[in-house]
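Notes for the structure review
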Amino acid sequence: PHFLFNNLSILSSLVETDAQLSVQFINRLSKAYRYILEQSDHERISLKTELEFVETYTFLLKIRFEDKLRIVVDIPESDQLRYSIVPLTLQLLVENAVKHNRMSDEQPLVVYLQSRENYLVVVNWIQPRPKNESSTGLGLQNITNRYKLLTEKPVLVTEKDESFIVKIPFLS
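Attention here is on the structure that accompanies the text. Just so you know, these numbers come straight off a predicted model, no measurement behind them. Residue numbering note: each chain is counted from 1, following its sequence as written. For this predicted model, a pLDDT threshold of at least 70 governs which residues receive local features, and a threshold of 80 or more governs which side-chain atom pairs are given and counted, while totals over whole chains, interfaces and linings are taken from all residues. Note that water and hydrogens are dropped before the side-chain values are worked out from all heavy atoms of the structure.

1. Concerning the sheet that holds strand S7 (residues 163-169)
Strands pair in a sheet through their backbones, by hydrogen bonds, and they do so in one of two ways: parallel or antiparallel. When DSSP locates at least two bridges between a pair of strands, those strands are taken to pair. Strands here are runs of E lasting at least two residues and helices are runs of H or I lasting at least four, both read from the DSSP assignment and numbered beginning at the N terminus. Read across the sheet, five strands follow the order S2-S4-S5-S7-S6 without closing on themselves; strand pairing throughout is mixed. The open sheet is flanked by strand S2 (69-74) and strand S6 (156-160), the only strands paired with a single partner. Averaged over all neighbouring strand pairs, the angle between strand axes comes to 15°, with direction disregarded. Each of S2, strand S4 (109-116) and strand S5 (119-125) is contacted by helix H3 (residues 47-65), which is oriented at about 160° to S2, the strand it contacts most. For helices, the fitted axis covers only the stretch in contact; all axes are lines through C-alpha atoms, and the angles between them, taken along N-to-C directions, range from 0 to 180 degrees. It only takes one pair of heavy atoms within 4.5 Å for two residues to be counted as in contact.

2. Observations regarding the side chain of Gln80
Looking at the secondary structure, you find Gln80 in helix H4 (residues 77-82). Once residues lying within four places of it in the same chain are set aside, the contact partners of Gln80 are Leu47, Lys48, Leu51 and Ile75.

3. Remarks on helix H1 (residues 2-17)
For H1, spanning 16 residues, the distance from its first C-alpha to its last is 23 Å, which sits close to the expected 22 Å at 1.5 Å a residue. For H1, the complete set of buried residues consists of Phe3, Asn7, Ile10, Leu11 and Leu14. Taken end-on, H1 shows its buried residues confined to a sector of 110°, consistent with a single buried face. Facing away from the buried side of H1 by more than 90 degrees, the exposed set consists of His2, Phe5 and Glu16. Helix span, as expected, comes to 1.5 Å for every residue beyond the first. Here the term buried applies to any residue with accessible area under 20% of the maximum for its type, exposed to any over 50%, and partly exposed to those in between, with areas from a 1.4 Å probe on protein chains only. When we speak of the arc, we mean the arc of directions from the helix axis to the C-beta atoms.

Below you can see the structure in the form of structure tokens.
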């Protein structure tokens with residue numbers, strides 16, 4: 001629900017300022033919401049398909065945050081085609097980074113998506129918000145629990161050198 005309400009709020013202000021961008025936003029929002037509804041019950045999805053969804057999701061976020069947010073994907077095409085992950089894993093991790101970190105033109109939030117040693121690695125610098133929302137940890141716990149059902153390899157969550165790192169095991 002938060003996803004939908006946040007985006008409808010953005011859309012209402014966008015409609016008044018840029019009709020053409022509003023149409024693009026509606027199309028991407030529709031595509032993203034359809035993906036969320038269709039994939040939420042699946043156990044796994046190809047990494048390539050999930051990355052395409054993250055591209056759509058990032059478009060929606062960039063309307064809101066402009067250049068204050070960057071998603072950098074460094075995953076070889078061969079890995080994108082070879083591996084699967086649990087649907088909506090990347091959306092939850094990007095959303096988590098946005099929720100817990102401040103961002104500005106001078107210090108944008110950069111989220112890196114990488115492929116390393118049979119893991120999908122998601123990294124961002126820790127830039128805590130001045131009044132950071134308390135975290136329930138439910139998003140990360142949900143991801144961890146879903147992966148426990150599919151693989152013996154653990155989801156790894158660490159803070160190191162002022163960065164937040166989540167390693168998600170690839171599913172074959």
